[in-house]
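Each chain, written out:
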Amino acid sequence: MIILVGYATVEGQSRSIAEKIAADIEAAGDRAMLYDIGLGGEYAIGHPEAAILCAPIHAARYPASFVAFVRQEASWLNSVPSAFVSVTLLIRSELEEEREEARHFPDGLLSETGWVPGLVHHAAGALRYSDYDFFKRWMMKRLAGQENAPTDVSRNHEFTDWEALAAFVEDFRIAAKA
Ligand SMILES: Cc1cc2nc3c(=O)[nH]c(=O)nc-3n(C[C@H](O)[C@H](O)[C@H](O)COP(=O)(O)O)c2cc1C
């Protein structure tokens, strides 16, 4: 099976997640077509039979290029097995209401575009302090302090649960072939 792994990213964590999804798909014997939605270009080569899309939340929104892509491809996405990986920091919050907020981020995207993915996976992202400019680093450090997240800006902090992601990919492969 050929699976499109499309992603959007701002600082790179969603790309790392998409690369891991693609590696897991290939290791299991299927083919992954890794596609950077933000760069655009051709992705239909090889006719993917399924799709996993991955995008991060920044200031409560997914990247505009990602939303536009999903809107444009919704009818194709709805015609094949598909899944969405939503990347956030709130999903790792100690507070249930914040995790609940993170679980609802996809609602607006899906109702706005008409895409109905068979599976939605919530992955915790990263604080990549080294990639932020001065203002973003200051803002994210402040936010992290409020969220009980690491405020040591001298290094980056990754929260993605790679085992849970691998289990999700395996569940998707099984469901897509059923
Ligand atoms: C400027 C900025 C705003 C963010 N806003 C949110 C937010 O509203 N909710 C949330 O859960 N995470 C938020 N995050 C955390 C990102 O989702 C997280 O850093 C993720 O790993 C980014 O993915 P990317 O590296 O693929 O861009 C924000 C991060 C940044 C840098």
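These figures come from a predicted structure and were not determined experimentally.

A word on the site of the ligand. If you check the shell around the ligand, you find 22 residues, and the closest are T9, S14, I57, A59 and A126. One nitrogen or oxygen atom from the side chain of S14 is found 2.7 Å from an oxygen atom belonging to the ligand. Within the backbone of L90, a nitrogen or oxygen atom sits 2.9 Å from an oxygen atom of the ligand. Isolated, the ligand exposes 640 Å² of accessible area, and the fraction of that covered by the protein chains is 91%. Secondary structure elements with two or more residues in the shell around the ligand: α1 (13-27), β4 (82-88) and α5 (134-146). The dominant element in the shell around the ligand, judged by the number of residues it contributes, is α5, at three residues. Here the shell around the ligand is built from residues that sort into 13 nonpolar, seven polar and two charged. A domain split of the shell around the ligand shows at least three residues from each of domain 1 (2-125 + 160-177) and domain 2 (129-159).

Turning next to helix α6 (residues 162-177). For α6, spanning 16 residues, the distance from its first C-alpha to its last is 23 Å, which sits close to the expected 22 Å at 1.5 Å a residue. Within α6 the residues assigned to the buried category are L165, F168, V169, F172, R173 and A176. Buried residues in α6, looked at end-on, bunch into an arc of 135 degrees, giving them a common side. For α6, the exposed residues set more than 90 degrees away from the buried face come down to E163 and I174. Taken together, the buried residues of α6 touch β1 (2-7), α1, β3 (50-56), β4 and β5 (119-124). Where α6 starts, the residue carrying a side-chain oxygen 3.2 Å from the main-chain nitrogen of E163 turns out to be D161.

Let us look at the sheet that holds strand β2 (residues 31-36). Ordered by their spatial adjacency, five strands build an open sheet running β2-β1-β3-β4-β5, and the pairing between neighbours is parallel. The open sheet has two free edges, formed respectively by β2 and β5, since each of these has just one partner strand. Across the sheet, the axes of successive neighbouring strands diverge by a mean angle of 20 degrees, strand direction being ignored. When β4 meets β5, the two strands line up parallel, connected through six bridges.

About the cut-offs
Residues numbered from 1 in each chain as written. Predicted model: local features only at pLDDT ≥ 70, side-chain atom pairs only at ≥ 80, totals over all residues. Heavy atoms only, no water. Near = heavy atom within 4 Å. Polar contact = N/O pair within 3.5 Å; in protein donor to acceptor, adjacent residues only side chain to side chain. Areas by Shrake-Rupley, 256 points an atom, 1.4 Å probe, with all protein chains shown as cover. Helix = DSSP H or I, 4+ residues; strand = E, 2+ residues; numbered from the N terminus. Nonpolar A, V, L, I, M, F, W, Y, C, P; charged D, E, K, R; others polar. Domains from an automatic or database assignment. Expected span 1.5 Å × (residues − 1). Buried < 20%, exposed > 50% of the residue type's maximum accessible area, 1.4 Å probe, protein only. Arc of directions from axis to C-beta. Contact = heavy atoms within 4.5 Å. Pairing = 2+ DSSP bridges. Axes fitted to C-alpha atoms, helices over the stretch in contact; angles between N-to-C directions.

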